[in-house]
Amino acid sequence: MPHISALAQNLAQQHASGKLLVMPTVWDTFSAKVAVEAGFESLTIGSHPVADSIGSADGEQMDFADYLAVVQRITSSVDVPVSADVESGYGLDPKELFERVAAAGAVGVNIEDVLHREGGRVRERQEHADYIHGVRQAADAAGIDFVINGRTDAVKLADKFADPLGEAIERIKLMEQAGARSVYPVALADADQVMQAVQSVGIPVNVTAHPVTAHAAGDLAALRELGVRRVSFGPLWQMWLVEVSGRQLGEWL
């Protein structure tokens, strides 16, 4: 996999650079090309916007083969590294997950700790870290400098934990130890929460930002000041386009 190896190394170097890395979240070849032509050097693929674009639903409701077909079309259409959101792994063992994603041309994954196929069960801390470590081992054995973004929904699922932020921080620490190259504690609500997450690990912390209104903790400059080193858009870019398009198209009715 010489081409994949070079792309993976590129993405890993971007994460290790110490700079804030903005990776627009795309869902088809059109959005991917728009982002690359705008100057971005790496992309994420979001399960939620892909599901919306093919008439499915998020939460591992897509057939994984159908999802990977979208991933492959995107990776084949651009010459920058691409990371794919695989939710909690679609019930696959870590080695198979890595092999199938890499075969589709992606050189990174986003892996969350909510098991949609088990009624929304949240993996235990070590269970999730072990799954990430399994993917790390498979990638290392293949000689691919794969970038794993370890996600936790602990803050978002505040009713499940006595100290949601504390739980998220313990989880991202374990994910770093397990071989994640970045971590993603979703739903951080303010600058203080972001700062606590950033200070707890030595790898990039990912936050979701809106392409226009940014993040509750501030704009790009504020996030950089807080030490954030990775930003993605989740479904927010696509949702913003829906809002703007609907308003403009409505003028023709």
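The residue numbering used here restarts from 1 in each chain and proceeds along that chain's sequence as written. Local features in this predicted model are restricted to residues whose pLDDT is 70 or higher, and side-chain atom pairs enter the listing and the counts only when it is 80 or higher, whereas totals over whole chains, interfaces and linings include all residues. Excluded from the side-chain calculations are hydrogens and water; all other atoms, namely the structure's heavy atoms, are used.

Enquirer: Give me the nonpolar core: which residues, what numbers.
Expert: Among the buried residues, those of types Ala, Val, Leu, Ile, Met, Phe, Trp, Tyr and Cys that are joined through side-chain atoms within 4.5 Å form a nonpolar core. Note on exposure labels: buried denotes an accessible area under 20% of the residue type's maximum, exposed denotes more than 50%, and partly exposed covers the range between, all computed with a 1.4 Å probe on protein chains only. Counting 80 residues, the largest nonpolar core has Phe-64, Leu-97, Val-101 and Phe-146 as its most contacted members. In this analysis, two residues are considered to be in contact whenever any of their non-hydrogen atoms come within 4.5 Å of each other. If we skip the residues at most four places from it in the chain, Val-101 touches Phe-64, Leu-68, Val-86, Ala-106, Gly-108, Val-109 and Phe-146.

Enquirer: Break down the environment of Val-34 for me, citing the residues and quoting the values.
Expert: Helical segments are the DSSP runs of H or I of at least four residues, strand segments are the runs of E of at least two, and each set is numbered from the N terminus. Its place among the elements puts Val-34 in helix 2 (residues 29-37). Val-34 sits 76 residues away from Asn-110 along the chain, and the two C-alpha atoms are 22 Å apart.

Enquirer: Provide a residue-level description of the sheet that holds strand 11 (residues 230-232), including the pertinent values.
Expert: Strand order in the open sheet formed by three strands is 1-11-10, and the pairing between neighbours is parallel. Unpaired on one side and paired on the other, strand 1 (21-23) and strand 10 (206-208) mark the two borders of the sheet. Geometrically, the sheet is characterised by an average inter-axis angle of 25° between neighbouring strands, direction not taken into account. In this description, strands pair whenever DSSP reports at least two bridges between them. Structural elements are reduced to axes, namely lines fitted to C-alpha atoms, with helices fitted over the stretch in contact, and the angle between N-to-C directions of any two is expressed from 0 to 180 degrees.

Enquirer: Describe the side chain of Ser-88, listing the residues and the values that go with them.
Expert: As for its position among the elements, Ser-88 is in the loop between strand 4 (82-85) and helix 5 (94-103). We call two N or O atoms a polar contact when they sit within 3.5 Å, provided that within protein one can donate a hydrogen and the other can accept it, with sequence-adjacent residues counted only if both atoms are side-chain atoms. Among the polar contacts made by the side chain of Ser-88, one reaches the main-chain carbonyl oxygen of Val-114 at a distance of 3.4 Å. Setting aside its immediate chain neighbours within four residues, Ser-88 contacts Glu-60, Ile-111, Glu-112, Val-114, Leu-115, His-116, Arg-123 and Tyr-131.

Enquirer: Please provide a residue-by-residue account of the pairing of strand 5 (residues 108-111), values included.
Expert: Side-chain alternation along strand 5 places Gly-108 and Asn-110 on one buried face and Val-109 and Ile-111 on a second face that is also buried. As paired elements, strand 4 and strand 5 share three bridges and run parallel to each other. By the bridge assignment, Ser-83 is partnered in strand 5 with Gly-108. Sheet analysis places strand 5 next to strand 8 (residues 147-152), joined by four bridges and oriented parallel. Among the inter-strand pairings, Ile-111 is bridged to a residue of strand 8, identified as Gly-150.

Enquirer: Which residues make up the sheet that holds strand 3 (residues 43-45), and what are the values?
Expert: With parallel pairing, six strands are arranged side by side in an open sheet as 2-3-4-5-8-9. The sheet is open, and its two edges are formed by strand 2 (25-26) and strand 9 (182-185), each paired on a single side.

Enquirer: Tell me about the pattern of salt bridges, residues and numbers included.
Expert: In the sections that follow, a salt bridge refers to a side-chain nitrogen of Lys or Arg positioned within 4 Å of a carboxyl oxygen of Asp or Glu. Enumeration according to the criterion identifies 14 salt bridges in this entry. Note that Glu-112 is salt-bridged to Arg-151, the shortest N-O span being 3.8 Å. Of this pair, Glu-112 sits in the loop between strand 5 and strand 6 (114-115) while Arg-151 is found in strand 8, placing the two residues 39 residues apart along the sequence. Here Arg-151 falls in the buried class, since its relative accessible area comes to 13%.

Enquirer: Can you tell me about the packing of helix 4 (residues 64-77) against helix 5, naming the residues and giving the values?
Expert: Two numbers describe a pair of packed helices, the interaxial angle and the distance between the axes. As a packed pair, helix 4 and helix 5 sit with axes 9 Å apart at the nearest point and diverge in direction by 40°. Between helix 4 and helix 5, the angle falls in the class oblique. Contacts from Phe-64, Ala-65, Leu-68 and Gln-72 of helix 4 reach helix 5 at Leu-97, Arg-100, Val-101 and Ala-103. Amino acid classes used here: Ala, Val, Leu, Ile, Met, Phe, Trp, Tyr, Cys and Pro are nonpolar; Asp, Glu, Lys and Arg are charged; the rest, including Gly, are polar. For the contact of helix 4 with helix 5, the residue count by class is six nonpolar, one polar and one charged. Reported orientations rely on four angle classes, namely roughly parallel under 35 degrees, roughly antiparallel over 145, roughly perpendicular from 65 to 115, and oblique for the rest.

Enquirer: Describe helix 6 (residues 125-141), naming the residues involved and giving the relevant values.
Expert: Under the convention used throughout, the expected extent of a helix is 1.5 Å for every residue step, that is, one less than its residue count. Its 17 residues place the ends of helix 6 24 Å apart at the C-alpha level, agreeing with the 24 Å of an ideal helix rising 1.5 Å per residue. Among the residues making up helix 6, those that are buried are His-128, Ala-129, Tyr-131, Ile-132, Gly-134, Val-135, Arg-136, Ala-138 and Ala-139. Taken from the residues just after helix 6, Gly-143 is the one with a positive phi, measuring 75°.

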